[in-house]
Amino acid sequence: MTTLFTSDHEWLRIEGDVATIGVTDYAQSQLGDVVFVELPKVGRTLKKAEAAAVVESVKAASDVYAPISGEVLEVNEALAAEPALVNSDAGGKAWFFKLRIADKSELGGLMDEAAYKAHTA
């Protein structure tokens, strides 16, 4: 399992040809208290950099972008019921959706953890 990061503060956990996607702890700290999450529909095909989900906090609404292209296989229904999970466990239970990876070469432009830490420093 590999974890990669985008400059827009999404993380991806890669397992085989499936990527689980969420927002980083840094992102949730910038957002503040999350009050609503809108997830993509299962079966939707996303293109890299397309808006895939929405996170609303008391401060702002923010799009979550597809870091790579693929088909939505699953969404985290728990977030709809409990959006505050994004604040308490951004890198774990608060994953947003899972994608079947369409083109593994798109992973090349993403950051590893060290590069992401430098990006947010």
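Residues numbered from 1 in each chain as written. Predicted model: local features only at pLDDT ≥ 70, side-chain atom pairs only at ≥ 80, totals over all residues. Heavy atoms only, no water.

1. Let's talk about the side chain of Glu 10
Here's step 1: With respect to the helices, strands and loops of the structure, Glu 10 is situated in strand β2 (residues 10–15).
Here's step 2: One buried charged residue, Glu 10, remains without a salt bridge, the closest side chain of opposite sign being Lys 48 at 10 Å.
Here's step 3: Within the structure, the side chain of Glu 10 is placed 2.8 Å from the side chain of Thr 6, a separation counted as a polar contact.
Here's step 4: A polar contact of 3.0 Å, which involves the side chain of Glu 10, links it to the backbone nitrogen of Tyr 65.
Here's step 5: Those residues in contact with Glu 10 that sit more than four places away from it in its chain are Leu 4, Phe 5, Gly 22, Val 23, Thr 24, Val 64 and Tyr 65. (Helix = DSSP H or I, 4+ residues; strand = E, 2+ residues; numbered from the N terminus. Buried < 20%, exposed > 50% of the residue type's maximum accessible area, 1.4 Å probe, protein only. Lys, Arg positive; Asp, Glu negative; His and termini not counted. Salt bridge = Lys/Arg side-chain N within 4 Å of Asp/Glu carboxyl O. Polar contact = N/O pair within 3.5 Å; in protein donor to acceptor, adjacent residues only side chain to side chain. Contact = heavy atoms within 4.5 Å.)

2. What about the pattern of salt bridges?
Here's step 1: If you walk through the whole model with that rule in mind, you get 4 salt bridges.
Here's step 2: With a closest N to O distance of 2.9 Å, Arg 44 and Glu 50 form a salt bridge.
Here's step 3: On the basis of relative accessibility, which here comes to 28%, the residue Arg 44 falls in the partly exposed class.
Here's step 4: Across the salt bridge formed by Lys 98 and Glu 74, the nearest N and O atoms sit 4.0 Å from each other.

3. Digging into a nonpolar patch on the surface
Here's step 1: Judged by side-chain polarity, Val 35, Phe 36 and Val 58 come together as a nonpolar surface patch covering roughly 280 Å² of accessible area.
Here's step 2: Looking at the secondary structure, you find Phe 36 in strand β4 (residues 34–38). (Patch = residues over 30% accessible without salt bridge, like charges linked within 9 Å, V, L, I, M, F, W, Y side chains within 5 Å. Areas by Shrake-Rupley, 256 points an atom, 1.4 Å probe, with all protein chains shown as cover.)

4. A look at the packing of aromatic side chains
Aromatic rings in a pair are described by how distant their centres are and how their planes are angled relative to each other.
Here's step 1: In this structure the tally under the stated criterion is 1 aromatic pair.
Here's step 2: Where Phe 5 meets Tyr 116, the ring centres are 4.8 Å apart and the plane angle is 15°; that geometry is what we call stacked. Here the residue Phe 5 occupies a position in strand β1 (residues 2–5), and Tyr 116 occupies one in helix α4 (residues 113–120), the gap between them amounting to 111 residues.
Here's step 3: Residue classification places Phe 5 among the buried positions, given a relative accessible area of 10%. (Phe/Tyr/Trp six-rings, centres within 6.5 Å; stacked < 30°, edge-to-face > 60°.)

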